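Chain residues, written in single-letter form:
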Number of protein chains: 2
Amino acid sequence: MLLEGVHFDLSLMTPGQLGAKFIAVNASDIYAMGGMPHYFVIAMGVPGRCRASFIDALYRGIARAAAEMNIALVGGDTCSSRSGLVLSGTLIGSSRKTVTRSGAEPGNSLFISGTPGDSAAGLALLKRGKRRVTSFSTLSGPRKLIRKHLMPQPVPLRKLEGVTSMIDTSDGLLIDLSHLCDESRVGATIIKDRIPLSEELKTAARQLKKDPYEFALRGGEDYLLLFTSPSRRYPGAYAIGQITEKGRYIVDGRGRKRPFTAEGYEHFRTSGRGTAVN
Amino acid sequence: MLLEGVHFDLSLMTPGQLGAKFIAVNASDIYAMGGMPHYFVIAMGVPGRCRASFIDALYRGIARAAAEMNIALVGGDTCSSRSGLVLSGTLIGSSRKTVTRSGAEPGNSLFISGTPGDSAAGLALLKRGKRRVTSFSTLSGPRKLIRKHLMPQPVPLRKLEGVTSMIDTSDGLLIDLSHLCDESRVGATIIKDRIPLSEELKTAARQLKKDPYEFALRGGEDYLLLFTSPSRRYPGAYAIGQITEKGRYIVDGRGRKRPFTAEGYEHFRTSGRGTAVN
């Protein structure tokens, strides 16, 4: 369910972008279970101020993204809303092998399927610009990340062989890893230096005077896959840590080990040096 | 999709009643296609003012109605809403033979599976009472109709043999019959005297100083089945008219034939005598 003012801001995105994102975030949830999406049902609450051209553009965005992912729009409901635009979708998919959040085992490697933080940095740049971006071809340098925020393109894993647990990164790496650890009743240690940062994220973080790892660890809406496997390598994904018996830690380049929670890890840092644990 | 302030008013219904109705209106849509419901997915946007006890009661209402109809709750999404309560559901069912709105043929009889208008009269009585009804066992006489409005109980047809088209009456008999005629590209003639009126509706209409046929023809939310068949009879349903080549008419007890539209038929009545057609 996507609610205007809670999940999206139409002053920062076009209806077509919203439509595409609506499909993408749902497909991401199915990919995260090792499934493929097939059928989409849409319910829409439309405020009186919305013009037909707006709804047309929204549907074109939905239809284009659905076609790219081989998803059929099979039905839905439209009604009037007295507050903002309300979108609710149900995506039906299938899987041969269903992967859940609960199968991670101590000793498994922890993988991520792309560079986290890009979407959150893109959002920060978009907000700084204070207006919608209607053509992605004009974006260059770190502003390319705006596309990653507005039009996330989740990609399924090619092989599920050996994958013991999986989740998509919608809320942020630390939050989503915490969900995975909760469900699997395990701990995890992230090797900070192994987290892949895109060049655009590094540049954006400099421009925004922020730590790029803040975006990478806590930024949401990347829709990457975070998964575990007994293998040390997974083609096309990055090994960023290990599943352990218990405890949730980030180890930095100097070997310092700090605990993290779903709320973040910076909370534990005191007077710039960090609360060393172990 | 059910939106607070558009589709329901929490000053007139309990959360448990809302939950039950949420399931019922969706099941009705599946029955109307000759299917049986199986799996329900719920998305809920919850305003900050909602207490946990409210959500519990809502879910208990959903769960009880779902269990009665053999429906499994299989998933969903919960998020915060900055305006009213938002409920969106997707009900997945299956059918051996799918009945649509488009198969009615001239010469078919038109059937309805129960007494229309009860829900709308129940709503009128509920509004007159200006407060919620928490126990149905205290309702007597025409006020029994309040239960029909708050807790509609759609029932599937036992046999689909011979049924050529079907729709459920959610918007009102004339509107829903108009949808069926539009989709089937046919006309229809309703024999007014054959429309079954419940005793409670007749009494309620007297109390409310309204024409009971106003409720029966234009009142919504009965969730009965309106269907067509070449047979003259259908066990447990009422034959209320005929499908014709074209034209949409109501014939009254004196043989007067008046056209109707989705908007109603009273619009055509002038100076108390009616605009006779034919």
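Asker: Could you give me a rundown of the overall build of chain A, with the residues and numbers involved?
Answerer: From N to C terminus, chain A includes seven helices and eleven strands. Scaling as 2.2 N^0.38, a compact globule of 278 residues should have a C-alpha radius of gyration of about 19 Å, and chain A matches this with 19 Å. Oriented by its inertia axes, the alpha-carbon framework of chain A measures out at about 60 × 45 × 35 Å. Burial analysis of chain A (278 residues in total) assigns 53% to the buried set. Long-range contacts, defined here as pairs at least 24 residues apart, represent 80% of the contacts in chain A between residues at least 6 apart. A total of about 13300 Å² of accessible surface is found on chain A, and carbon and sulfur atoms cover 48% of it. In chain A, which carries 38 positive and 25 negative side-chain charges, the distance between the mean positions of the two groups comes to 5 Å.

Asker: Kindly report on the interface of chain B and chain A, identifying the contributing residues and their values.
Answerer: With 19 residues of chain B at the interface, the matching set in chain A holds 19 residues. Considering only the surface of chain B that becomes buried against chain A, Met1(B), Val6(B) and Thr90(B) emerge as the three largest contributors, covering 34% of it. Counting across the chain B and chain A interface gives zero salt bridges. If you look at where chain B meets chain A, you find seven residue pairs in polar contact (both at pLDDT 80 or more). For the side of chain B that touches chain A, the secondary structure elements donating two or more residues are strand 2 (36-47), strand 3 (72-81) and strand 4 (86-94) of chain B. Of the residues in the side of chain B that touches chain A, the class split is nine nonpolar, eight polar and two charged.

Asker: Kindly report on helix 1 (residues 15-31) of chain A, identifying the contributing residues and their values.
Answerer: The end-to-end C-alpha distance of helix 1 of chain A is 24 Å, a good match for the 24 Å that 17 residues give at a rise of 1.5 Å each. Counting buried positions along helix 1 of chain A yields 15 of 17 residues, so the element is predominantly enclosed.

Asker: Break down the sheet that holds strand 2 of chain B for me, with residues and values.
Answerer: Residue and element names in this part refer to chain B. Within the open sheet, the four strands sit side by side as 1-4-2-3. Their pairing is mixed. In this open sheet, the two edge strands, each paired with only one partner strand, are strand 1 (2-3) and strand 3. Two strands pair when backbone bridges link them, and strand 2 and strand 4 are joined in this way by nine bridges, in the antiparallel orientation. Each residue of the ladder has a partner; that of glycine 45, found in strand 4, is valine 86. Helix 1 (residues 15-31) contacts strand 1, strand 2, strand 3 and strand 4 of the sheet and is inclined by roughly 40° relative to strand 4.

Asker: Tell me about the packing of helix 1 of chain A against helix 2 (residues 52-68) of chain A, residues and numbers included.
Answerer: The packing of two helices is summarised by the inter-axis angle and the distance between the axes. Residues and elements named next belong to chain A. Their axes nearest at 7 Å, the elements helix 1 and helix 2 cross at an angle of 40°. With respect to helix 2, the element helix 1 is oriented oblique. Viewed along their axes, helix 1 and helix 2 form a crossing whose handedness is right-handed. Facing helix 1, whose interface residues are Pro15, Gly16, Leu18, Gly19, Ala20, Phe22 and Ile23, helix 2 presents Phe54, Ala57, Leu58, Gly61, Ile62, Ala65 and Ala66. For the contact of helix 1 with helix 2, the residue count by class is eleven nonpolar, three polar and no charged.

Asker: Describe the relation of the copies chain B and chain A, naming the residues involved and giving the relevant values.
Answerer: Here the second copy of the chain follows from the first by a rotation about an axis and a shift along it. Its rotation angle being 180°, the transformation that places chain B on chain A also includes 0.0 Å of axial translation and leaves an RMSD of 0.0 Å. Accordingly, the operation relating the two chain copies is best matched by a two-fold axis. Both copies present the same face, since 100% of the interface residues in chain B are matched by interface residues at the equivalent positions in chain A.

Asker: Report on the pairing of strand 5 (residues 109-112) of chain A, specifying residues and quantitative values.
Answerer: Residues and elements named next belong to chain A. Of the two faces of strand 5, the one carrying Ser109 and Phe111 and the one carrying Leu110 and Ile112 are both buried. Of the strand pairs in this sheet, strand 5 and strand 8 (residues 225-229) are connected by four bridges, and their pairing is antiparallel. Residue serine 109 lies in a different strand from strand 8, and its bridge partner there is serine 229. For strand 5 and strand 9 (residues 238-244), the ladder comprises four bridges, and the chain directions are antiparallel. What sits directly across from isoleucine 112, in strand 9, is tyrosine 238.

Asker: Report on the side chain of His149(A), specifying residues and quantitative values.
Answerer: Mapped onto the elements, His149(A) comes out in helix 4 (residues 145-150). Taking the relative accessible area as the measure of exposure, His149(A) reaches 7% and is therefore buried.

Asker: Give a detailed account of the pattern of salt bridges, specifying residues and quantitative values.
Answerer: All names here are of chain A. Applying the stated rule across the entire model yields 15 salt bridges over all chains. With its nearest N and O atoms 3.2 Å apart, the salt bridge here joins lysine 148 to aspartate 118. Of the two residues, lysine 148 sits in helix 4 while aspartate 118 sits in helix 3 (residues 118-129), which places them 30 residues apart along the sequence. Since its relative accessible area comes to 1%, aspartate 118 is described here as buried. Between glutamate 199 and lysine 202 there is a salt bridge, and its shortest N-O distance comes to 3.2 Å. With a gap of three residues between them, glutamate 199 and lysine 202 both fall in helix 6 (residues 199-208), about one helical turn apart. Classification of lysine 202 by relative accessible area gives partly exposed; the value is 32%.

Asker: Could you give an account of the state of the cysteines, naming the residues involved and the relevant values?
Answerer: Enumeration over the complete set of coordinates arrives at zero disulfides over all chains. The thiol of Cys79(A) is unpaired, and the distance to the nearest cysteine sulfur, on Cys50(A), comes to 12 Å.

Asker: Please provide a residue-by-residue account of the sheet that holds strand 7 (residues 187-191) of chain A, values included.
Answerer: All names here are of chain A. Here we have seven strands laid out as an open sheet, ordered 6-8-5-9-7-10-11, and mixed in their pairing. Bordering the open sheet on either side are strand 6 (165-168) and strand 11 (257-259), each of which pairs with just one other strand. Across the sheet, the mean angle separating the axes of adjacent strands is 25° when strand polarity is ignored. Relative to strand 9, strand 7 runs antiparallel, the two sharing four bridges. Each residue of the ladder has a partner; that of threonine 189, found in strand 9, is glutamine 242. Packing of helix 5 (residues 173-184) onto the sheet brings it into contact with strand 5, strand 6, strand 7, strand 8, strand 9 and strand 10 (248-251), and relative to strand 6 it is tilted by some 145°.

Conventions and cut-offs
Residues numbered from 1 in each chain as written. Chains lettered and ligands numbered in written order. Predicted model: local features only at pLDDT ≥ 70, side-chain atom pairs only at ≥ 80, totals over all residues. Heavy atoms only, no water. Helix = DSSP H or I, 4+ residues; strand = E, 2+ residues; numbered from the N terminus. Rg over C-alpha atoms; globule rule 2.2 N^0.38 Å. Buried < 20%, exposed > 50% of the residue type's maximum accessible area, 1.4 Å probe, protein only. Contact = heavy atoms within 4.5 Å. Areas by Shrake-Rupley, 256 points an atom, 1.4 Å probe, with all protein chains shown as cover. Lys, Arg positive; Asp, Glu negative; His and termini not counted. Charge placed at Lys NZ, Arg CZ, Asp CG, Glu CD. Buried area = accessible area lost by both parts, 1.4 Å probe. Salt bridge = Lys/Arg side-chain N within 4 Å of Asp/Glu carboxyl O. Polar contact = N/O pair within 3.5 Å; in protein donor to acceptor, adjacent residues only side chain to side chain. Nonpolar A, V, L, I, M, F, W, Y, C, P; charged D, E, K, R; others polar. Expected span 1.5 Å × (residues − 1). Pairing = 2+ DSSP bridges. Axes fitted to C-alpha atoms, helices over the stretch in contact; angles between N-to-C directions. Parallel < 35°, antiparallel > 145°, perpendicular 65-115°, else oblique. Left-handed = near helix turned anticlockwise from the far one by under 90°. Least-squares fit on C-alpha atoms with pLDDT ≥ 70 in both. Disulfide = S-S within 2.5 Å.

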